[in-house]
Amino acid sequence: SSYEPEPLGRTEWVKCYGAMLDREDDAQKLFDEQVAQVASIDATDTGKTVAFFYINSNGAAIVRKPGDYVTKMIDQAGGDYIFSSLDEAESSTSSVTLEMERFYAMAKDADVIIYNSSIDDSVDSVDALVRKNALLGDFKAVQSGNVWATEQNMYQQMMQTGRIIADFNTAFTGSGAQTTYVHKL
């Protein structure tokens, strides 16, 4: 499933396992639940730009390459991925390393920050995030208090793709709905 370019395509593999285990009806039900979760989201563009990243041990920002499944989940949730213009999209990895100066220039005006705690140690507050690099304190999302972090297990939850997209939508809309895979700092 990790090679599937579409978020729900990763979830759809449950139907293959259902067929192998003679549990097609159960598998279809699980898949349909995630499809319904995504369908229930008002995927209208929220007008919110989103930076999804983590800071590595060298102080560089690691962002998802444009067009991968995480950036597609951001899009399906109504966000506009701030790094969509990166020209590194043809690389074979799922991420792009940006020196802090380039990252700052591209992301400082993002409406929403989602810190990728699935890869890096989680941050438990905005202050902890800013301690990773003081420049983050100047970011629009930090100033407006629209900073979120993923839960450690987000990448292991492909059977919850719809829930993850719904959580992203909550971050973008400020709806106040309960979230499972992201939390506000």
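Residues numbered from 1 in each chain as written. Predicted model: local features only at pLDDT ≥ 70, side-chain atom pairs only at ≥ 80, totals over all residues. Heavy atoms only, no water.

Participant: Which residues make up the packing of helix α1 (residues 7-20) against helix α2 (residues 24-39), and what values go with them?
Facilitator: Two elements in contact, α1 and α2, have axes whose closest approach is 7 Å; the angle formed by their N-to-C orientations is 165 degrees. Taken together, α1 and α2 sit at an angle that is classed as roughly antiparallel. Seen from above, α1 lies across α2 with left-handed handedness. Listed contacts from α2 to L8, T11, E12, V14, K15, G18 and A19 of α1 are E24, A27, Q28, L30, F31, Q34, V35 and V38. Split by residue class, the contact of α1 with α2 holds eight nonpolar, four polar and three charged. (Axes fitted to C-alpha atoms, helices over the stretch in contact; angles between N-to-C directions. Helix = DSSP H or I, 4+ residues; strand = E, 2+ residues; numbered from the N terminus. Parallel < 35°, antiparallel > 145°, perpendicular 65-115°, else oblique. Left-handed = near helix turned anticlockwise from the far one by under 90°. Contact = heavy atoms within 4.5 Å. Nonpolar A, V, L, I, M, F, W, Y, C, P; charged D, E, K, R; others polar.)

Participant: I'd like a rundown of a nonpolar patch on the surface, residues and numbers included.
Facilitator: On the surface, W13, Y17, M20 and L21 cluster together into a nonpolar patch covering about 470 Å² of accessible area. Along the chain, the position of M20 falls in helix α1. On the accessibility criterion, M20 (58% relative accessible area) is exposed. (Patch = residues over 30% accessible without salt bridge, like charges linked within 9 Å, V, L, I, M, F, W, Y side chains within 5 Å. Areas by Shrake-Rupley, 256 points an atom, 1.4 Å probe, with all protein chains shown as cover. Salt bridge = Lys/Arg side-chain N within 4 Å of Asp/Glu carboxyl O. Buried < 20%, exposed > 50% of the residue type's maximum accessible area, 1.4 Å probe, protein only.)

Participant: Go over the pattern of salt bridges with me, naming the residues and quoting the values.
Facilitator: When charged atoms on two side chains of opposite charge get close, those side chains can pair. Under the defined criterion, the tally for this structure stands at six salt bridges. As a salt-bridge pair, D26 and R23 come within 2.7 Å of each other at their nearest N and O atoms. Salt-bridge contacts for D111 lead to K140; the nearest nitrogen and oxygen are separated by 2.6 Å. Placement of D111 in the loop between α4 (100-107) and β5 (112-115) and of K140 in helix α6 (residues 140-144) is noted, with a sequence separation of 29 residues between them. With relative accessibility at 16%, the residue D111 sits in the buried group. Its relative accessible area of 41% is what places K140 among the partly exposed residues.

Participant: Residues and numbers for the pairing of strand β4 (residues 95-98), please.
Facilitator: Residue alternation in β4 divides its side chains into a buried set, V96 and L98, and an unburied set, S95 and T97. In this structure, strand β2 (residues 61-64) lies alongside β4, joined through four bridges in antiparallel fashion. Bridge pairing links V63 to V96 in β4. (Pairing = 2+ DSSP bridges.)

Participant: Provide a residue-level description of the nonpolar core, including the pertinent values.
Facilitator: Counting residues in hydrophobic clusters, the biggest one holds 53 residues, and the most contacted among them are F53, V63, F83, F103, I114, F168 and F172. Apart from residues no more than four positions distant in its own chain, F103 is found in contact with F53, A61, V63, F83, L98, K108, L136 and F139. (Core = buried A, V, L, I, M, F, W, Y, C linked by side-chain atoms within 4.5 Å.)

Participant: Talk me through the packing of aromatic side chains; I want residue IDs and the actual numbers.
Facilitator: Considering all chains together, one arrives at eight aromatic pairs under this definition. Relative to F103, the ring of F53 has its centre 4.7 Å away and its plane inclined at 55 degrees; by these criteria the two rings are tilted. Here F103 lies in helix α4 and F53 lies in strand β1 (residues 48-55), a separation of 50 residues in the sequence. Per residue, the accessibility class of F53 equals that of F103, and both read buried. An angle of 70 degrees between the planes, with centres 5.6 Å apart, marks the rings of Y104 and F139 as edge-to-face. One end of the pair, Y104, is in helix α4; the other, F139, is in the loop between α5 (126-132) and α6, with 35 residues separating them in the sequence. Overall, Y104 belongs to the partly exposed group, its relative accessible area being 24%. Since its relative accessible area comes to 0%, F139 is described here as buried. Among the aromatic residues, ring-to-ring pairing joins F53, Y81, F83, F103, Y104, Y115 and F139 into one connected group. (Phe/Tyr/Trp six-rings, centres within 6.5 Å; stacked < 30°, edge-to-face > 60°.)

Participant: Any details on α2? Residues and values, ideally.
Facilitator: With 16 residues, α2 should cover 22 Å at 1.5 Å per step; its first-to-last C-alpha distance of 22 Å lies within 8% of that length. Close packing links the buried residues of α2 with α1 and α7 (161-173). (Expected span 1.5 Å × (residues − 1).)

Participant: How would you sum up the packing of α2 against α7? Please name residues and give values.
Facilitator: Two numbers describe how α2 lies on α7: the axes approach to 7 Å, and their chain directions differ by 15 degrees. The angle between α2 and α7 places the two elements in the roughly parallel class. Note that α2 runs across α7; the crossing there is left-handed. On α7, the residues touching Q34, Q37 and V38 of α2 are T161, G162, R163, I165 and A166. The residue inventory of the contact of α2 with α7, partitioned by class, reads three nonpolar, four polar and one charged.

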